[in-house]
Amino acid sequence: MKRFIIKRMAQVVVVLFLILTVLFVLFRLAPGDPVERMVDPNLTLEEAEHLVEQLGLKEPILTQYGIYLKNFAMGHFGHSFHYGQPVAEVIWEKLPNTILLFTTAVILAALVGVSWGKIAAWSKGKWKDLAFTVAALVTHTLFLPWLALLLVWFFGYRLEWFPITGMMSEEVWLDPDTAWWQKAWDVGYHMMLPLLTLFLIHFGSYLLVMRSSMLDTLKEDYIVTARAKGLSEKAIRNRHAAPNAMLPVVTSVGLSLAFSINGGALTETVFSWPGIGRELVFAVSHNDYPLAQACFLLIATVVLFSNVVVDVLYAYLDPRIRY
Amino acid sequence: MTLLDVQNLSIGYQTAEGLLQAVEGVSFSLEAGQSLGLVGESGCGKTTIGMALMGLLPPNGRITGGHVLLNGRDLRELTEEEMRQVRWKEVAMIFQAAMNALNPVQRVGDQMIEAIVEHQPVSKAQARQRVEGLYQLVGMPVERIDDYPHQYSGGMKQRAIIAMALANKPKLIIADEPTTALDVIVQDQILQETKNLQHEFNIGIIFISHDISIVAEVCQTIGVMYAGQLVEIGGAEQVFYDPRHPYTKALVASFPTLAGERKELKPIPGEPPHLINAIMGCRFCDRCPRSEAQCKLDRPAWQQVAAGHHVLCDHC
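Quick look at the structure, then. (Residues numbered from 1 in each chain as written. Chains lettered and ligands numbered in written order. Predicted model: local features only at pLDDT ≥ 70, side-chain atom pairs only at ≥ 80, totals over all residues. Heavy atoms only, no water.)

Let's shift gears to the overall build of chain B. Assigned secondary structure in chain B consists of 9 helices and 12 strands. Compactness check: chain B gives a C-alpha radius of gyration of 20 Å against a globular reference of 20 Å for 316 residues, within 12% of the reference. Residues classed as buried in chain B amount to 52% of the 316 residues present. Of the roughly 14,300 Å² of accessible surface on chain B, 51% is carried by carbon and sulfur atoms. (Helix = DSSP H or I, 4+ residues; strand = E, 2+ residues; numbered from the N terminus. Rg over C-alpha atoms; globule rule 2.2 N^0.38 Å. Buried < 20%, exposed > 50% of the residue type's maximum accessible area, 1.4 Å probe, protein only. Areas by Shrake-Rupley, 256 points an atom, 1.4 Å probe, with all protein chains shown as cover.)

Rendered as structure tokens:
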């Protein structure tokens, strides 16, 4: 197992290097002068000259490539044009917000999807199964921005139950007397609508995967054994059928987490949630190239690492899999 | 006392084409510590009987008539919860597909402990001790208790299933093709062990197989099934060496013997009847070399051909 993880990490490094190269080429293939793109147009000519020098944009292309790799290896992602801060700082500031929103949504969706999918398969053909399956299909096929806007309109505008933008209220956070749990409550309150959106979009696919996987598992011989042993229906379902049926759901959850950054972009934009997805959209539309470049690299890294995590988790859940 | 008394048992499956009468009017009984073999080709209803005895028919299957008395208690009259308590405590099963009968993501020992604590007022630690004893009993190394099923060979899995069947010291074990997936040598070892354990614990066994020679070796009584009916029943020697029903004769002739003369194996021509249609006369008459016009019309009656040897045929 240890060897497997080391091997996979080596693969991740190689793939990341390839992605870095592709990014380097893409940003230089884009039409126009790379200097114009890499250097903030708001700077004075002198400052710009200095920066061009610093970025090594006057060097031959291979030297530039070397400097580029070295900068990334050392964690220098350049300065964001818009924020004037180092890109790394911007990302560290926004990343936890995305993780908070997305991981919570995916975990909730997986818990609900798995337990309802289990029940749906168990009562196949009955009204419970029908209700769960229809609900899953409807929410799963909804167009996310439409759903998000609908929720904003209904819960935010008509009922005025939840705030519709941002992550926190200024008056709560600027007040020095606010306790930590009041702050947490405030964030949770703001998170309700984006969380609901992501939850609704995701739980359906987990439910459907779990249901069909569970139906396959129920045909297995060891389920007959469990029944013959005189176990209760609940024990058969939860101890014998569900752990085997869970395996495909793990892949599904892993993939959702892998695409959390770009997948969350729409939700974050609609709800002005200060996360990485929204930052990526912003960086691209405002020509903030250093920030965009770093965001793309982050997406690639997250996708690669999620895959490793899924593989390791699989071996943990299914003893037949050994690396 | 009679351990198991099956009276006139009929079982049907509800299919898209109608009710399929998979088992019809089967009667036999088994004394404690004795063994009865049910033989017949695929689809003759032998596994269906085994599943019905466990109360494990699939959702579209149901007992349509007759009685199953276990120690004098009619299993058909039990509620689902009462039946659940009977399973594995009084009647255990050794499965046809032992290769897949163990849950792949649970340790083998845990699966046995689970069978014990479900039915006995013991702690997990006590149950584990009993499992260790069972491993020794079936000749498996105790340190393999915490392995997963995929780490076992086919023979070990089969032994594990046998050990599991013995876990609650049941009075009756249904062994459905327990050795079919194993090679001949392992098969023989396991049959020997099963026989020994049966005598040691005085367990009644219903041994289901398509191989009449194996059944003749293990069981005291043989019941031959054809198309959902029992067609011949008697002592193992009687049925194997002196088969009377034309189907049993054909069945014996279709298996090779190791010691006897070299003769050509005779397959049985034709196919068994489709059980969705009601059958008036003898079910074997279309394939029977001795059939007469009357066989198609008259329902055959049981004939006693020797003490304890009965045949469902009017012409034997």
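Next comes the rest of the account.
Okay, the pairing of strand β11 (residues 302–306) of chain B next. Residue and element names in this part refer to chain B. One ladder, built from 4 bridges, connects β11 with strand β12 (residues 309–312); its direction is antiparallel. Of the residues in β12, the one forming a bridge with Trp302 is Leu312. Where β11 folds back onto β12 in an antiparallel hairpin, the turn is made up of 2 residues, including Gly308, whose phi is positive at roughly 75°. (Pairing = 2+ DSSP bridges.)

Further remarks concern the environment of Lys89 of chain B. Note that Lys89 of chain B resides in the loop between α2 (80–86) and β6 (91–94). Residues contacting Lys89 of chain B, with those up to four places away along its chain left out, are His119, Asn168, Lys169 and Pro170 of chain B. (Contact = heavy atoms within 4.5 Å.)

A word on helix α1 (residues 46–54) of chain B. Residues and elements named next belong to chain B. Most of α1 sits inside the fold, with 8 of its 9 residues counted as buried. Considered for burial, the residues of α1 that qualify are Lys46, Thr48, Ile49, Gly50, Met51, Ala52, Leu53 and Met54. Gly55, located one to two residues past α1, shows a positive phi value of around 70°.

We now examine the packing of helix α1 (residues 2–29) of chain A against helix α4 (residues 61–73) of chain A. Think of two packed helices as two axes; the pair is described by the angle between the axes and how far apart they sit. All names here are of chain A. Put simply, α1 and α4 touch, their axes get as near as 11 Å, and they point 130° apart. Of the possible angle classes, the one that applies to α1 and α4 is oblique. Relative to α4, α1 is oriented so that their crossing is right-handed. Here Phe17, Leu20, Thr21, Leu23, Phe24 and Arg28 of α1 come into contact with α4, specifically with Ile61, Gln64, Tyr65, Tyr68, Leu69 and Phe72. Grouping the amino acids of the contact of α1 with α4 by side-chain chemistry returns 9 nonpolar, 2 polar and 1 charged. (Axes fitted to C-alpha atoms, helices over the stretch in contact; angles between N-to-C directions. Parallel < 35°, antiparallel > 145°, perpendicular 65-115°, else oblique. Left-handed = near helix turned anticlockwise from the far one by under 90°. Nonpolar A, V, L, I, M, F, W, Y, C, P; charged D, E, K, R; others polar.)

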